[in-house]
Amino acid sequence: MPTPLEVSLASILGDPARVSAAPQVVNRLSRDFYWYSPVLRRQLDGKFADVAVHPVTVQEIQDVLRYCYANDIPVTPRGAGTGNYGQAVPLHGGVVLDLSRMDQIESISPDGVAVCQPGVRLGILEGEARKVGWELRCYPSTVVKASVGGFLAGGSGGVGSVTHGGLRDFATVRAIDVVTMEDSPRLIHHEGEEVHDILHAWGTNGIITRIWLALAPSVEWGQCAIAFDTFDQAFDFSERIATSEEWTKRLVTPFEWPIPSFFSPVNTLAPKGKALIFFMIAEEQRTRLETAAREAGGEVTLSAPYVGLRTVPLLSDYTWNHTTLWAMKYDPEYTYLQCGFDAVKARSQFALLKRRFGDEFLFHIEFMKNAQGVVFPGSIPVVRFSTEQRLNEMIDYCREIGVGVANPHVNNVEGGGRYRSDNVQLMAKHRYDTKGLLNPGKMVTFERHTAGAPIA
């Protein structure tokens with residue numbers, strides 16, 4: 001028997017098949033990969049929406065938000081659900097707004113800007129862009145499943161960031177259209193610096209409906225795996241390649257042993273006890289990289305052309321937060337942090353962390369370029385979880401020695417370390433969601449100023 005909310009929303013869409021209160025549907029769409037964190041697992045298990053809605057047009061989104069605003073019903077937007085912070089988990093029930101069916105690539109311009117809907121899969125966009133001489137500037141290791149809109153709302157960087165920076169750098173996001181949560185929801189166009197009002201706000205201050213995303217000229221890539229006797233040697237060689245402009249690279253990822261042993265499908269690439277580096281390098285430079293690695297004392301365990309996301313093995317499947325997933329498959333007691341080491345002091349920071357935590361803290365480095373154009377060792381270290389207190393001790397000590405931490409064990413925009421200190425995201429929420437009905441509870445600095453008690 002349909003619930004009254006299900007009946008009302010089906011009437012608004014005119015298509016009952018795109019509204020569901022079935023537990024198997026709603027529960028699946030109310031989850032993401034928050035379970036990477038043992039802290040979030042305790043907090044978010046059992047949190048579900050009441051109804052799932054699948055819009056296919058901007059007008060339908062406006063109609064649903066108009067109804068929810070009038071009836072004080074929370075709305076949690078969802079892309080592909082590949083986030084790790086619980087961004088897509090509804091804390092207060094209501095509607096989960098699944099945008100996956102809005103999946104059209106409208107155009108790719110001759111100057112390399114893709115215009116698309118939020119549900120477009122990043123892997124699909126990468127493939128279509130390469131057909132006309134372009135490629136994504138950066139993408140997460142979940143590229144095959146992740147959506148463009150979800151990446152903008154909850155992601156920050158990935159494969160390609162060593163050259164092109166993060167998602168919010170170098171005008172990668174040129175413009176965004178957003179629907180507001182009001183009595184008469186508006187479609188607002190943001191471009192230039194205004195896109196930062198919306199980026200990485202977890203859908204708390206508007207529903208992204210259209211995106212203008214800058215691409216990079218496509219490159220023929222190659223893949224290499226290179227082993228070194230010690231992590232210090234691997235880091236030195238990685239840094240040399242990552243920071244030099246003479247190398248065209250998309251991925252430079254060194255791992256401390258035993259992390260390479262966790263990658264069961266490709267653990268033959270990892271000699272026992274050795275550190276390992278995964279590279280995506282310009283195909284025309286691959287042989288030269290092999291030579292440089294051997295001269296530095298490295299052992300080349302894989303060198304092959306890259307032929308797209310179907311490449312076997314696809315080394316990027318073991319980088320970024322996929323590294324954490326492989327570690328958790330090996331031992332469920334592992335979890336992760338998100339860190340930024342100092343470009344100059346990284347080695348001394350490594351030494352301090354090993355002295356303090358030993359094998360509780362395993363180095364997995366992702367070289368990135370910051371907004372100032374400096375390449376630095378970003379990191380998603382694999383850490384052993386014992387207690388929340390010990391985890392917080394690691395975070396506090398990292399910050400004490402100058403290592404930045406974006407805490408992946410909190411379920412709010414501000415605590416995750418990607419919040420803008422100029423408060424533009426918060427100000428946008430006050431403009432576009434005065435009742436606090438969009439993904440409530442995820443922007444903790446928001447206070448509802450209208451009559452009545454706030455939802456969060």
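Scroll up to find the structure this text is about.
We now turn to the structure provided with this report.

Rules used in this analysis
- Residues numbered from 1 in each chain as written.
- Predicted model: local features only at pLDDT ≥ 70, side-chain atom pairs only at ≥ 80, totals over all residues.
- Heavy atoms only, no water.
- Helix = DSSP H or I, 4+ residues; strand = E, 2+ residues; numbered from the N terminus.
- Rg over C-alpha atoms; globule rule 2.2 N^0.38 Å.
- Buried < 20%, exposed > 50% of the residue type's maximum accessible area, 1.4 Å probe, protein only.
- Contact = heavy atoms within 4.5 Å.
- Pairing = 2+ DSSP bridges.
- Axes fitted to C-alpha atoms, helices over the stretch in contact; angles between N-to-C directions.
- Core = buried A, V, L, I, M, F, W, Y, C linked by side-chain atoms within 4.5 Å.
- Expected span 1.5 Å × (residues − 1).
- Left-handed = near helix turned anticlockwise from the far one by under 90°.
- Nonpolar A, V, L, I, M, F, W, Y, C, P; charged D, E, K, R; others polar.

Moving on: the overall build of the protein chain. When you go through the protein chain residue by residue, the secondary structure sums to 13 helices and 21 strands. Taken against the 2.2 N^0.38 rule, which gives 23 Å for 456 residues, the C-alpha radius of gyration of the protein chain at 22 Å falls within 12% of a compact globule. With the C-alpha coordinates aligned to their principal axes, the bounding extent of the protein chain is approximately 70 × 50 × 40 Å. Classification of the 456 residues of the protein chain by burial places 58% in the buried group. Contacts in the protein chain between residues far apart in sequence, at least 24 positions, make up 71% of those at least 6 positions apart.

Spatially, the four strands line up as an open sheet ordered β12-β13-β11-β14, and their pairing is antiparallel. Every other strand in the sheet has two partners, leaving β12 (249-255) and β14 (299-305) as the edge strands with one partner each. With strand direction ignored, the average angle separating the axes of adjacent strands in the sheet is 10°. Bridge analysis of strand β11 (residues 221-228) against β14 gives six bridges, and the strand direction is antiparallel. Paired with G222 across the strands is P305, a residue of β14.

The subject of this paragraph is the nonpolar core. Ranked by size, the top nonpolar core spans 44 residues in total, and within it L136, V148, L152, V173, I176, I208 and L213 carry the most contacts. Counting residues per element, the ones that place at least two in this core are β6 (113-116), α5 (122-131), β7 (134-136), α6 (148-154), β8 (173-179), β10 (207-217), α10 (321-330) and α13 (424-432). Aside from chain neighbours lying at most four places away, what touches I208 is L99, P118, G149, L152, A153, I176, D177, V178 and I198. V162, W247, V252 and I281 belong to the second-largest nonpolar core, a separate cluster that totals 43 residues.

Let us look at α10. Burial analysis of α10 places eight of its 10 residues in the buried class, the great majority of the element. The inward-facing, buried residues of α10 abut α3 (38-44), β12, β15 (334-336) and β20 (382-384).

Now for the pairing of strand β13 (residues 275-282). Within a regular strand, side chains alternate between the sheet's two faces. Here β13 lies mainly inside the structure; eight of its eight residues are buried. Relative to β13, β12 runs antiparallel, the two being bridged by six bridges. Note that in β13 the partner of T253 across the bridge is F278.

With 13 residues, helix α4 (residues 58-70) ought to run about 18 Å at 1.5 Å a step, and its terminal C-alpha atoms sit 18 Å apart, in line with that. Those residues of α4 that fall on the buried side of the exposure criterion are E60, I61, Q62, V64, L65, C68 and Y69. Note on α4: the residue one or two positions beyond its end, D72, has a positive phi of about 55°.

Another aspect to go through is the packing of helix α1 (residues 4-13) against α4. It is at 9 Å that the axes of α1 and α4 come closest, and there the two elements cross at 145°. Crossing geometry of α1 relative to α4 is assigned as right-handed. Contacts from L5, S8, L9, I12 and L13 in α1 reach E60, D63, V64 and Y67 in α4. Residues of the contact of α1 with α4, tallied by class, amount to six nonpolar, one polar and two charged.

This paragraph deals with the side chain of T82. Turning to its location among the elements, T82 is positioned in the loop between β3 (75-78) and β4 (95-98). Ignoring anything within four residues of it in the chain, the contact list for T82 reads F33, T142, K145 and A146.

The strand order across the open sheet built from four strands is β18-β19-β16-β21, with neighbouring strands paired in antiparallel fashion. Of all strands in the sheet, those bounded by a partner on one side alone are β18 (365-369) and β21 (404-405). Looking at chain direction, strand β16 (residues 339-340) and strand β19 (residues 375-379) are connected through two bridges and run antiparallel. Bridge assignment links G340 to a residue of β19, and that residue is G378. Packed onto the sheet, helix α8 (residues 231-243) meets β18 and β19 and runs at close to 20° relative to β18.

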